[in-house]
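# Structural overview
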Number of protein chains: 2
Amino acid sequence: MIHTKQNIAIIGSGLVGSLLAIYLRRYGHTLTVFDRRPDIREVEFSGRSINLAMSNRGWKALEEVGVAEEIRKIGIPLDKRAMHVIGKPEYYQKYGKEGEAIWSISRGVLNKRMIDLAESAGVEFRFEEKVWDIDLPRAQVFTGESEKGEWKAYDFDLVFGCDGAFSRVRHKMQRRSRFDYSQDFIDVGYKELTIPPNEDGTHKLNSNSFHIWPRGKFMFIAMPNLDGSFTCTLFMPFEGEVSFESIKTKADAVHFFSTYFPNVKKDIENLTHDFFKNPTSAMVTMKCYPWTYWDKVALVGDSAHAIVPFYGQGMNAGFEDIYVLDQIIKEQGDDWGAIFKIYQKQRKPNADAIAELSYRNFIEMSSKTADPMFLLQKKIEKRFSSHHPEKWIPAYSRVTFSDKPYAEALAIGDFQEKIMKEIMAIPNISEKWDSEEVENKILRALEESNH
Amino acid sequence: MIHTKQNIAIIGSGLVGSLLAIYLRRYGHTLTVFDRRPDIREVEFSGRSINLAMSNRGWKALEEVGVAEEIRKIGIPLDKRAMHVIGKPEYYQKYGKEGEAIWSISRGVLNKRMIDLAESAGVEFRFEEKVWDIDLPRAQVFTGESEKGEWKAYDFDLVFGCDGAFSRVRHKMQRRSRFDYSQDFIDVGYKELTIPPNEDGTHKLNSNSFHIWPRGKFMFIAMPNLDGSFTCTLFMPFEGEVSFESIKTKADAVHFFSTYFPNVKKDIENLTHDFFKNPTSAMVTMKCYPWTYWDKVALVGDSAHAIVPFYGQGMNAGFEDIYVLDQIIKEQGDDWGAIFKIYQKQRKPNADAIAELSYRNFIEMSSKTADPMFLLQKKIEKRFSSHHPEKWIPAYSRVTFSDKPYAEALAIGDFQEKIMKEIMAIPNISEKWDSEEVENKILRALEESNH
């Protein structure tokens, strides 16, 4: 395959932008990464911030360019959920089989490392240089101090928009005819809080667990950091009876945590201060199509498909974009028109599938976890899966511990759901849920589908 | 009710903008309408352009401010569809009951008249003045020659965005968090063509009909103008076997019309010239929420809810927005925060409903009209409706000849569809479709729903 050297711009120096730069640099292309923000390596940074859950797809993309081992050093493997239910002792739910885990990694630490790696591979970073406009057919990039001020023009052969959910590159594409676009916010927001380490630097909670305090319409989670702290997130409706809106004073905040999270309350650092200092952030599902413009411009990662975080797949999906794009480049060589066409056609259904799965997880967590019939269904599925592990792989495992397409995970999940609907309709199911009759009925349903 | 005088800006001098100005001017408010285009009354204008179908909701909004009679003079009532099916003589389908009709009105002629009416009521129009930005919380409007040039700032109390599907006002709102937005293009485009009058100025086709040449995946329509001409529209997929893309030469165009529209082909003016001169336009469904910002800014018409044109309700829905908004103003007086809240809450479900109904009409026309079972279902419905006119009002009549909420028309339509699904499942339905058994079964289903 011929790979003629290209002059390539990447907009955005986040995780996806810097990994894509590392990938493309291997072909000898010239890479310039623009970011309106300062160099993350030079700003003061607590090392905590938002945490990511790196799973199979993310690791695979890192392994391809030989940086996975390097990154594993800054992560903590989590092989289970630690459930904190009121009136029950803490209990654990294994994520997968022996050896399967998701990895808690600090976004900031990871991003710094990725920029280091890209830079040492010869990628040029232009920080604090905001891209205001792009001439799509000419792959020309305009930057400047302000939107109305003087702009500088750069000519490129290719431009990649890795500038996140509120992408300027996509924004430019969106003004064209026949560009489909949607942004849907959920009515739940989130706020970051922190659990500091013990005095001896150890973690206050089990460090190889993803901690969850489910409370129906809202929940609290915690992910461990290397320094012994936990990054916590409170997910809660913006408005309503129990909501961010309803917590107006420090006393309200104390009362809220005392009522719903009595055990973890004492461990949270500067609770009442941080609660009002830290922003309440919104979450959006963003879809668009096409993702590319001629053989000139392509969107990768959140700029093409932002999703809600309830499956922990945002970064993993972005990294998989890069892995798949690279496979296509290897096959198609210099034909960037073909590369972009194949890329968007192959990735779009998978991006839509993980968006749907993530949104469903949000609905499931916020409204179904209190439903005894839903919990019973999950118990039946778990029992069946443990007896027939090859016949019933849970959707979570297909998404998290495999690299099969997200669209397949969604389709098989829907099919499993159809079978379970019949099972749940069995009279007295709550009495005979663990019977052979139920198990055989599932087996038969699976067999019928194979014919 | 107290109505304190407000200084109000309306962005967009189209049909919705100019009618809204007429409405608001009655309260003594100061009205300034901005439009980036020149005064439509001063540009050369053929009087043909795109035609509108004014129906009940549109007329009601015009009657409220006493301009309906004035506008009726520039319209032509259409009481039926004229169907042009290959191999069949032309036949007619009545739209509704005796006296019910939709009105063919030239958008340009109507718009000019509305601006005249608004101006004589004391509304100030600022043409060729493009609004580039809006400070939402301050209701401040910025205009100028170019985006990067000098801007002029205007202070208002209220700003209304009536600037259509690609609204600049909405664009500004869209950059805020928790603003839901979607734009979905259909894969069918349209092109305008013209049938000129006879030499004596009369119409070449029946002038009180909406003419349709249905051809499955594509269709041709014609609406009469006062000058004896018809404005025609060809709807056809952008890509595919029979598509705009596949017609590349004048010979292709002639062959296409000879094959599919042999009878009307000879009447189309400058067919091969116009076919390539006139643009192929796209159609979009655009939804968003919220429609308002505090007590400062509101979207009205297409800027809030652009729909595909297959129900002929785009302008009617926009005019109904104004009528409903005005009713709320009468109730709430000076409380613009409350007015805007009630307005968007009341209109949003109805805008979504007419978007859905319009999209379904597109699907129906493009894929179902060739299905014999679908046609049989329509025949059964028609027969039942003629025997029991009060019990089975077709969705078309609810939308077109009533002012009940669109959402109600959609819900009742869905309910009727459910009944018809059962009816169509009757064995041998195609033999006994006109039997008493079928009629009684529908009656029973309707009665059951009343309990």
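Residues numbered from 1 in each chain as written. Chains lettered and ligands numbered in written order. Predicted model: local features only at pLDDT ≥ 70, side-chain atom pairs only at ≥ 80, totals over all residues. Heavy atoms only, no water.

An unreviewed UniProt entry annotates chain A as Kynurenine 3-monooxygenase of Maribacter cobaltidurans. Taken from UniProt, the Function (unreviewed entry) comment for chain A reads in full: "Catalyzes the hydroxylation of L-kynurenine (L-Kyn) to form 3-hydroxy-L-kynurenine (L-3OHKyn). Required for synthesis of quinolinic acid." (UniProt positions renumbered as here; feature names shortened; annotations may be inferred.)

Further remarks concern the overall build of chain A. When helices and strands are counted, chain A shows 15 helices and 21 strands. A compact globule built from 451 residues should have a C-alpha radius of gyration of about 22 Å, and chain A, at 23 Å, falls within 12% of that. Expressed along its principal axes, the backbone C-alpha trace of chain A runs to roughly 70 × 60 × 40 Å. In chain A, which comprises 451 residues, the share counted as buried stands at 54%. Counting only contacts in chain A whose residues sit at least 6 apart along the sequence, the fraction spanning at least 24 positions is 70%. Accessible surface, chain A as shown: approximately 20,300 Å² in total, 50% of it carbon and sulfur. (Helix = DSSP H or I, 4+ residues; strand = E, 2+ residues; numbered from the N terminus. Rg over C-alpha atoms; globule rule 2.2 N^0.38 Å. Buried < 20%, exposed > 50% of the residue type's maximum accessible area, 1.4 Å probe, protein only. Contact = heavy atoms within 4.5 Å. Areas by Shrake-Rupley, 256 points an atom, 1.4 Å probe, with all protein chains shown as cover.)

Now for the sheet that holds strand 19 (residues 292-293) of chain A. Residues and elements named next belong to chain A. Spatial strand order, 8-2-1-12-20-19: 6 strands in an open sheet with mixed pairing. The open sheet has two edge strands with one neighbour each: strand 8 (124-126) and strand 19. Inspection of the sheet shows strand 2 (residues 30-34) paired to strand 8 by 3 bridges, in the parallel sense. Considered in strand 8, the bridge of Phe-34 is made with Arg-126. (Pairing = 2+ DSSP bridges.)

The next thing to look at is the UniProt feature "transmembrane region" (unreviewed entry) in chain A. As recorded in UniProt, the feature "transmembrane region" (unreviewed entry) lies at residues 7-24 of chain A. Annotated as 56% helix and 28% strand, the span residues 7-24 of chain A places its first and last C-alpha atoms 11 Å apart.

Moving on, we get to the relation of the copies chain B and chain A. When chain B is brought onto chain A, the operation consists of a screw motion whose angular component is 180° and whose axial shift is 0.0 Å, with 0.0 Å RMSD remaining. In symmetry terms, the pair is related by a two-fold rotation axis. In terms of C-alpha distance to the rotation axis, chain B has Ser-182 of chain B as its closest residue, with the C-alpha 1.9 Å off the axis. Interface residue correspondence from chain B to chain A reaches 100%, placing this contact among same-surface, isologous pairings. (Least-squares fit on C-alpha atoms with pLDDT ≥ 70 in both.)

Our next topic: the pairing of strand 7 (residues 102-106) of chain A. All names here are of chain A. The buried fraction of strand 7 is high, at 5 of 5 residues. Of the two faces of strand 7, the one carrying Ile-102, Ser-104 and Ser-106 and the one carrying Trp-103 and Ile-105 are both buried. Summarising the sheet, strand 3 (residues 51-54) and strand 7 pair through 4 bridges and their orientation is antiparallel. Bridge assignment links Met-54 to a residue of strand 7, and that residue is Trp-103. In the sheet, strand 4 (residues 75-78) pairs with strand 7 via 4 bridges, with the strands oriented antiparallel. When the sheet's bridge partners are listed, Gly-75 is paired in strand 7 with Ile-105.

Here the focus is the domain arrangement of chain A. Residue and element names in this part refer to chain A. Domain parsing of chain A yields domain 1 (7-74 + 106-183 + 285-361) and domain 2 (371-450). Between the C-alpha centres of domain 1 and domain 2 the distance comes to 36 Å. Contact with domain 1, which involves 17 residues of that partner, is made by 15 residues of domain 2. In total, about 1,300 Å² of surface goes out of reach between domain 1 and domain 2, with carbon and sulfur atoms giving 56% of it. The interface formed by domain 1 and domain 2 contains 2 salt bridges. The residue Lys-60 makes a salt bridge to Asp-403 at a minimum N-O spacing of 2.6 Å. Run the count over domain 1 and domain 2 and you get 10 residue pairs in polar contact (both at pLDDT 80 or more). (Domains from an automatic or database assignment. Buried area = accessible area lost by both parts, 1.4 Å probe. Salt bridge = Lys/Arg side-chain N within 4 Å of Asp/Glu carboxyl O. Polar contact = N/O pair within 3.5 Å; in protein donor to acceptor, adjacent residues only side chain to side chain.)

Helix length check: helix 10 (residues 336-368) of chain A (33 residues) gives 46 Å between terminal C-alpha atoms against 48 Å at 1.5 Å per residue, within 8%. When the local axis directions of helix 10 of chain A are compared, the greatest deviation, roughly 30°, occurs at Arg-347 of chain A, which is followed within four positions by the proline Pro-349 of chain A. (Expected span 1.5 Å × (residues − 1). Bend = angle between axes of the 7 residues up to and from the residue.)

Working definition: the strands of a sheet are paired by backbone hydrogen bonds and lie parallel or antiparallel to each other. Residues and elements named next belong to chain B. Strand order in the open sheet made by the 3 strands is 3-7-4, with antiparallel pairing throughout. Edge positions in the sheet fall to strand 3 (51-54) and strand 4 (75-78), since each has one partner strand and no second. For this sheet the average axis-to-axis angle between neighbouring strands, irrespective of direction, equals 30°. Running over the sheet, helix 4 (residues 107-120) touches strand 3 and strand 7 (102-106) and is turned about 80° from strand 7. (Axes fitted to C-alpha atoms, helices over the stretch in contact; angles between N-to-C directions.)

Residues and elements named next belong to chain A. What the rule picks out here adds up to 57 salt bridges over all chains. One salt bridge connects Glu-437 with Lys-432, and the closest N-O pair in it is separated by 3.4 Å. Taking the relative accessible area as the measure of exposure, Glu-437 reaches 43% and is therefore partly exposed. The network of salt bridges with common partners includes Arg-26, Glu-64, Asp-326 and Lys-330.

Before going further, it helps to spend a moment on the packing of helix 11 (residues 372-387) of chain A against helix 15 (residues 436-449) of chain A. Residues and elements named next belong to chain A. It is at 11 Å that the axes of helix 11 and helix 15 come closest, and there the two elements cross at 70°. Between helix 11 and helix 15, the interaxial angle falls into the category roughly perpendicular. In this structure, helix 11 contributes Ile-380, Arg-383, Phe-384 and His-387 to the contact, and helix 15 contributes Val-438, Glu-439, Ile-442, Leu-443 and Leu-446. Residue classes in the contact of helix 11 with helix 15 are distributed as 6 nonpolar, 1 polar and 2 charged. (Parallel < 35°, antiparallel > 145°, perpendicular 65-115°, else oblique. Nonpolar A, V, L, I, M, F, W, Y, C, P; charged D, E, K, R; others polar.)

It is worth spelling out helix 1 (residues 15-25) of chain A at this point. Where burial is concerned, most of helix 1 of chain A is hidden: 10 out of the 11 residues are buried. Three or more residues of helix 1 of chain A are buried, namely Leu-15, Val-16, Gly-17, Ser-18, Leu-19, Leu-20, Ala-21, Ile-22, Tyr-23 and Leu-24 of chain A.

Let us now look at the packing of aromatic side chains. To describe a pair of aromatic rings, one takes the distance between the centres and the angle between the planes. A complete count under the given rule lists 65 aromatic pairs over all chains for this structure. Between Tyr-95 of chain B and Tyr-396 of chain B, the aromatic rings sit 5.3 Å apart at their centres with planes inclined by 10°, giving stacked as the arrangement. A residue pair is termed long-range when its members are at least 10 positions apart, and Tyr-95 of chain B in the loop between strand 6 (91-94) and strand 7 and Tyr-396 of chain B in helix 12 (residues 395-400) qualify at 301 residues. What makes Tyr-95 of chain B buried here is its relative accessible area of 8%. Among the aromatic side chains, those forming a connected cluster through ring pairs are Trp-213, Phe-218, Phe-220, Phe-244, Phe-256, Phe-257, Tyr-260, Phe-261, Phe-275 and Phe-276 of chain A. Directly above the aromatic system of Tyr-92 of chain A lies the positively charged group of Lys-80 of chain A, at a separation of 5.4 Å from the ring centroid. Directly above the aromatic system of Trp-151 of chain A lies the positively charged group of Lys-148 of chain B, at a separation of 3.5 Å from the ring centroid. (Phe/Tyr/Trp six-rings, centres within 6.5 Å; stacked < 30°, edge-to-face > 60°. Lys NZ or Arg CZ within 6 Å of the ring centre and 35° of its normal.)

Now for the side chain of Glu-381 of chain A. Positionally, Glu-381 of chain A belongs in helix 11. Under the relative-accessibility criterion, Glu-381 of chain A is labelled buried at 12%.

This paragraph deals with unusual backbone geometry. The omega angle of the peptide bond from Tyr-289 of chain A to Pro-290 of chain A is 0°, so this bond is cis rather than trans. Tracing the backbone through its elements, the reader meets Pro-290 of chain A in the loop between strand 18 (284-289) and strand 19. For Asn-428 of chain A, which is not a glycine, the phi torsion comes out positive at approximately 60°. Relative to the assigned elements, Asn-428 of chain A resides in the loop between helix 13 (406-424) and helix 14 (429-432). Residues other than glycine seldom take positive phi values, yet Ala-139 of chain B does so here, at roughly 50°. The topology assignment puts Ala-139 of chain B in the loop between strand 9 (131-135) and strand 10 (140-144). For Ala-139 of chain B, a relative accessible area of 0% translates into the label buried.

Residue and element names in this part refer to chain A. Within the secondary structure, Asn-316 is located in helix 9 (residues 314-332). You can call Asn-316 buried: its relative accessible area is 0%. Among the polar contacts listed, one links the side chain of Asn-316 to the backbone oxygen of Ala-53, at a separation of 2.9 Å. With near-sequence residues (within four places) excluded, Asn-316 lies in contact with Ala-53, Met-54, Ser-55, Arg-57, Gly-58 and Tyr-406.

Now for the environment of Met-373 of chain B. For Met-373 of chain B, the position within the fold is in helix 11 (residues 372-387). Apart from the residues lying within four places of it in its own chain, the contact partners of Met-373 of chain B are Met-424 and Ile-429 of chain B.

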